[in-house]
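Commentary on secondary and tertiary structure
As a plain string of letters, each chain reads:
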Amino acid sequence: MILKKLLRYIVKKLFEFPFLTKPLPKFPFGKKLWASKDTYLLLHKNAIKNVNKNIVQFENSYGKGIDIEWFENLALHTQVVIKEEKLNYDHGRILYSTLYRYIENQKSDKYLTIFETGTARGFSAICMAKAFTDTNKLGKIISVDCISHNESIYWNCIDDLEGPKTRNELLSKWSKELSRIVFIQGWTDSLINRIGLDRINFAFLDAQHTKEAVLKEFLFVSEKQ
């Protein structure tokens, strides 16, 4: 364990030199199927049963909840994965309700900019984009991740049974929401200072979960609010 931590630290320090570039992942979820269709469907069924009851209370307090049938269909394709922890994608409902109320409270018709780090399969970005489509508000979501948007890969999800897909193909069923998102590939810690945003209205930071990385993203956003 100590050796692994030491190696990770050494690698991290190596990539701090300007002449070295940390490579982007080619197959972040591997090169083969993770599970059968029945396994993914069973995981989804159990996740629906285990929804935190406080989520409904939260949605009611914010005055708007996401369409559950729409939401669970999106979750099946983008959040039901094989992992050690219990599946929990309640954050999609929280993001939708919070952003929806924020949009509704805007007094002007100004264009809104949402900033996200950690796109992954695009679940949270699509949930936030639905708040835009449901309110007919003008705006864009800028979503940054180290995973390519246009390279065909396995995603550790039910869609893998149809073969490798790009993220764009994975999310093609949600074309209205997809049109509201700009996907940028890169490591957030080196990329965010090169993104030309004057104003960030709303942000969701979910990329590298280290204190240093999150603080850097937080400070980037705070200076543009």
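Above this text is the structure in question.
In what follows, the accompanying structure is described. What you see is a predicted model; the values in this text were computed from it and never measured. (Residues numbered from 1 in each chain as written. Predicted model: local features only at pLDDT ≥ 70, side-chain atom pairs only at ≥ 80, totals over all residues. Heavy atoms only, no water.)

1. Observations concerning unusual backbone geometry
- The phi torsion at Asn136 lies on the positive side, around 55 degrees, for a residue other than glycine.
- Residue Asn136 is classed as exposed on the basis of its relative accessible area, which comes to 67%.
- The residue Asn156 is not glycine, and still its phi comes out positive at about 55 degrees.
- Structurally, the position occupied by Asn156 is in the loop between strand 2 (139–145) and helix 7 (167–170). (Buried < 20%, exposed > 50% of the residue type's maximum accessible area, 1.4 Å probe, protein only. Helix = DSSP H or I, 4+ residues; strand = E, 2+ residues; numbered from the N terminus.)

2. Considerations on the side chain of Ser143
- Of note, Ser143 is situated in strand 2.
- Aside from chain neighbours lying at most four places away, what touches Ser143 is Glu116, Thr119, Ala125, Ile181, Val182, Phe183 and Ile184. (Contact = heavy atoms within 4.5 Å.)

3. As for the pattern of salt bridges
- Scanning the entire structure with this criterion turns up five salt bridges.
- Asp134 is paired through a salt bridge with Lys130; the nearest N and O atoms lie 3.3 Å apart. Taken together, the residues Asp134 and Lys130, both in helix 6 (residues 123–135) and four residues apart, mark about one turn of the helix.
- Taking relative accessible area as the criterion, Lys130 reaches 10% and is therefore assigned buried.
- Lys165 is paired through a salt bridge with Asp159; the nearest N and O atoms lie 2.8 Å apart. Like Lys165, the residue Asp159 is buried in the burial classification.
- If you follow the salt bridges from partner to partner, you end up with Asp159, Glu162 and Lys165 in one network. (Salt bridge = Lys/Arg side-chain N within 4 Å of Asp/Glu carboxyl O.)

4. Observations concerning the sheet that holds strand 1 (residues 112–117)
- Strand order in this open sheet of four strands is 3-2-1-4, and the pairing throughout is parallel. Edge strands, defined here as strands with exactly one partner in the open sheet, are strand 3 (181–185) and strand 4 (202–205). Strand after strand, the sheet turns through a mean of 15 degrees between neighbouring axes, direction not considered.
- When strand 1 meets strand 2, the two strands line up parallel, connected through six bridges. Pairing of Phe115 across the sheet is with Ile142, part of strand 2.
- With respect to the sheet, helix 5 (residues 91–104) is in contact with strand 1 and strand 4, its orientation differing from that of strand 4 by roughly 165 degrees.
- Lying on the sheet, helix 10 (residues 211–222) is in contact with strand 1 and strand 4; it crosses strand 4 at an angle near 175 degrees. (Pairing = 2+ DSSP bridges. Axes fitted to C-alpha atoms, helices over the stretch in contact; angles between N-to-C directions.)

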